[in-house]
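# Structure at a glance
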Amino acid sequence: MVRNGFNLGLYVVTDERLSLGRPTAEVVAAAIRGGADAVQLRAKDDLSVREQAALGRALRALTRAAGVLFLVNDRADLAAALDADGVHVGQDDLPADLARHIVGPDRLVGVSAATVEEALAAREAGADYLGVGPIYGTLTKPDAGEAVGPERITAIKARVPLPVVGIGGIGRDTIAAVMAAGADGAAVVSAIVGAADVEAAARDLKARMLAAR
Amino acid sequence: MSDGIHVLRGDAAPPRPPVPRLHLVTDRRLRGDRSLVAVVAEAARAGVGAVQLREKDLPGGALLAEAEVLRRVLGATPLLVNDRADVALAAGAAGVHLPAAGLPVGVARRLLGPWALIGRSVHGVEEARRAADEGADYVILGTIFATGSKPGRAPAGLALVAATARAVALPVIAIGGINQENAAATVAAGAHGIAVMSAILSAPSPAAATAALRAALGSEC
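The paragraphs below set out a description of the structure included in this document. Since we're looking at a predicted model, the values are computed, not measured.

So, how was this worked out
Residues numbered from 1 in each chain as written. Chains lettered and ligands numbered in written order. Predicted model: local features only at pLDDT ≥ 70, side-chain atom pairs only at ≥ 80, totals over all residues. Heavy atoms only, no water. Helix = DSSP H or I, 4+ residues; strand = E, 2+ residues; numbered from the N terminus. Rg over C-alpha atoms; globule rule 2.2 N^0.38 Å. Buried < 20%, exposed > 50% of the residue type's maximum accessible area, 1.4 Å probe, protein only. Contact = heavy atoms within 4.5 Å. Pairing = 2+ DSSP bridges. Axes fitted to C-alpha atoms, helices over the stretch in contact; angles between N-to-C directions. Phe/Tyr/Trp six-rings, centres within 6.5 Å; stacked < 30°, edge-to-face > 60°. Core = buried A, V, L, I, M, F, W, Y, C linked by side-chain atoms within 4.5 Å. Expected span 1.5 Å × (residues − 1). Buried area = accessible area lost by both parts, 1.4 Å probe. Salt bridge = Lys/Arg side-chain N within 4 Å of Asp/Glu carboxyl O. Polar contact = N/O pair within 3.5 Å; in protein donor to acceptor, adjacent residues only side chain to side chain. Nonpolar A, V, L, I, M, F, W, Y, C, P; charged D, E, K, R; others polar.

## Focus on the overall build of chain B
Looking only at helices and strands, one finds nine helices and eight strands in chain B. The C-alpha atoms of chain B give a radius of gyration of 16 Å, which matches the 17 Å a tight globule of 221 residues would have. Its C-alpha atoms give chain B principal-axis dimensions of about 45 × 40 × 35 Å. Counting every position in chain B, which comprises 221 residues, the buried fraction comes to 55%. Put simply, 60% of the contacts in chain B that link residues at least 6 apart link residues at least 24 apart.

Written as structure tokens, this is what we have:
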């Protein structure tokens with residue numbers, strides 16, 4: 001079962017608005033060819049659940065064929081419906097313990113945490129991993145709050161025994177610092193889905209990540 | 001996604017509560033300066049059949065908190081959550097009401113179990129047939145009369161209620177501009193019941209409005 005051992009590594013989060021007009025499934029396929037270890041479906045608000053489910057089925061097929069983790073942002077019902085490997089919830093979403101109740105004992109529950117307190121609470125609520133950020137300033141999530149810097153990863157890793165992926169403004173020039181701060185992986189949005197050559201961008205980030213580990 | 005409901009269909013009636021006849025669909029913007037929970041509590045005391053929590057702009061956590069508060073004031077009156085089966089399950093709601101482009105019924109059924117009420121919004125006979133085929137317990141059919149909640153949408157009129165009720169065996173709940181004046185005609189056209197927003201939420205007395213709608217429906221709500 002996936003919860004017994006999983007590698008978040010290079011964790012790609014989808015964002016249709018940043019994908020330069022390319023279909024998300026195509027972008028994800030290229031990111032996987034470039035070495036992505038995990039993919040999170042984060043759909044735009046105006047996409048209906050039926051459209052999200054259709055996209056999710058395509059991503060599930062791609063990720064399964066490649067042995068890549070597939071997670072769904074926010075909607076635990078959709079995560080279960082798509083047989084995703086997990087759900088990722090933010091501080092404004094369903095609490096992690098209730099998300100766990102919905103996706104069951106075998107799927108991952110990831111939680112966004114900006115502080116040590118949030119990280120400890122997430123651990124208490126049964127989170128499997130943490131998304132810590134925003135590490136750097138980000139334009140993809142205007143509501144994400146103040147940048148916390150890679151040192152926040154170090155602080156959280158010192159107190160909370162959970163895998164951590166950094167998120168927020170991470171790109172080729174910063175991924176090494178995120179890993180050096182103790183992260184187990186790095187979640188990347190625009191530096192991959194917004195790249196002119198998605199596969200090459202993912203491959204470059206993956207190489208930098210592995211070199212910094 | 002396979003349909004997981006086959007075991008529930010067949011000759012035996014599903015183990016679910018009867019479909020309520022008077023649904024209150026929430027919209028915080030219509031409640032005036034009162035709290036939503038106060039209006040819902042008043043409607044529940046006056047005998048509303050079900051309350052559907054529909055606050056599309058709320059993130060999951062806030063929606064869950066609202067659902068939990070409403071469930072407490074509703075007591076035995078069923079609470080349905082719009083769109084999100086996960087929030088419905090987490091809140092211990094009686095069921096989920098799925099938008100026309102929402103989750104498949106089978107997915108919601110697998111999550112919520114055989115006792116949950118699962119409805120689907122439809123806009124015509126074909127959508128209603130599909131909802132019946134996928135195992136919905138009821139449909140909400142709209143928009144019947146002109147309404148401020150969905151400006152831009154042409155009202156379908158009672159002929160659509162009649163055509164849909166003839167076409168499917170499911171209870172048809174009419175929505176859109178239903179009020180005390182046209183509720184009885186809506187039921188006479190074949191609707192099992194009605195769903196309202198502003199007729200209760202914006203009424204000077206939600207309790208009196210609920211009672212009047214109940215009277216117009218003529219029996220158990």
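## Structural notes on the sheet that holds strand 3 (residues 69–73) of chain A
All names here are of chain A. One closed barrel accounts for eight strands, arranged 1-2-3-4-5-6-7-8; its pairing is parallel. Adjacent strand axes in the sheet meet at a mean angle of 25° when their direction is disregarded. One ladder, built from four bridges, connects strand 5 (residues 108–113) with strand 6 (residues 129–132); its direction is parallel. The residue of strand 6 that forms the bridge with Ala113 is Val132.

## Re the packing of aromatic side chains
Residues and elements named next belong to chain A. Using the criterion set out here, one finds one aromatic pair over all chains in the structure. Where Tyr11 meets Tyr129, the ring centres are 6.0 Å apart and the plane angle is 55°; that geometry is what we call tilted. Taken together, the residues Tyr11 in strand 1 (residues 9–13) and Tyr129 in strand 6 connect sequence positions 118 residues apart. Since its relative accessible area comes to 1%, Tyr11 is described here as buried.

## Some thoughts on the nonpolar core
Formed by 146 residues in total, the largest nonpolar core has its most connected members in Tyr11, Leu130 and Ile192 of chain A. Look past the residues within four positions of Ile192 of chain A in its chain and what remains in contact with it is Leu10, Val12, Ala31, Val198, Ala202 and Leu205 of chain A.

## What to know about helix 2 (residues 60–74) of chain B
Residue and element names in this part refer to chain B. The end-to-end C-alpha distance of helix 2 is 20 Å, a good match for the 21 Å that 15 residues give at a rise of 1.5 Å each. Of the residues making up helix 2, those classed as buried are Gly60, Gly61, Leu63, Leu64, Ala67, Leu70 and Leu74. Of the residues trailing helix 2, Gly75 is marked for its positive phi of about 60°.

## Quick word on the interface of chain A and chain B
Contacts between chain A and chain B engage 19 residues on the former and 19 residues on the latter. Interface area for chain A against chain B, summed over the two sides, is near 1,500 Å², with a carbon-plus-sulfur share of 64%. Where chain A meets chain B, there are two salt bridges. Salt-bridge contacts for Asp83 of chain B lead to Arg75 of chain A; the nearest nitrogen and oxygen are separated by 2.8 Å. The interface formed by chain A and chain B contains 10 residue pairs in polar contact (both at pLDDT 80 or more). For the side of chain A that touches chain B, the secondary-structure elements that each account for two or more residues are helix 2 (49–66), helix 3 (76–81) and helix 4 (96–103) of chain A. In terms of residue count, the dominant contributor to the side of chain A that touches chain B is helix 3 of chain A (five residues). Here the side of chain A that touches chain B is built from residues that sort into 10 nonpolar, two polar and seven charged.

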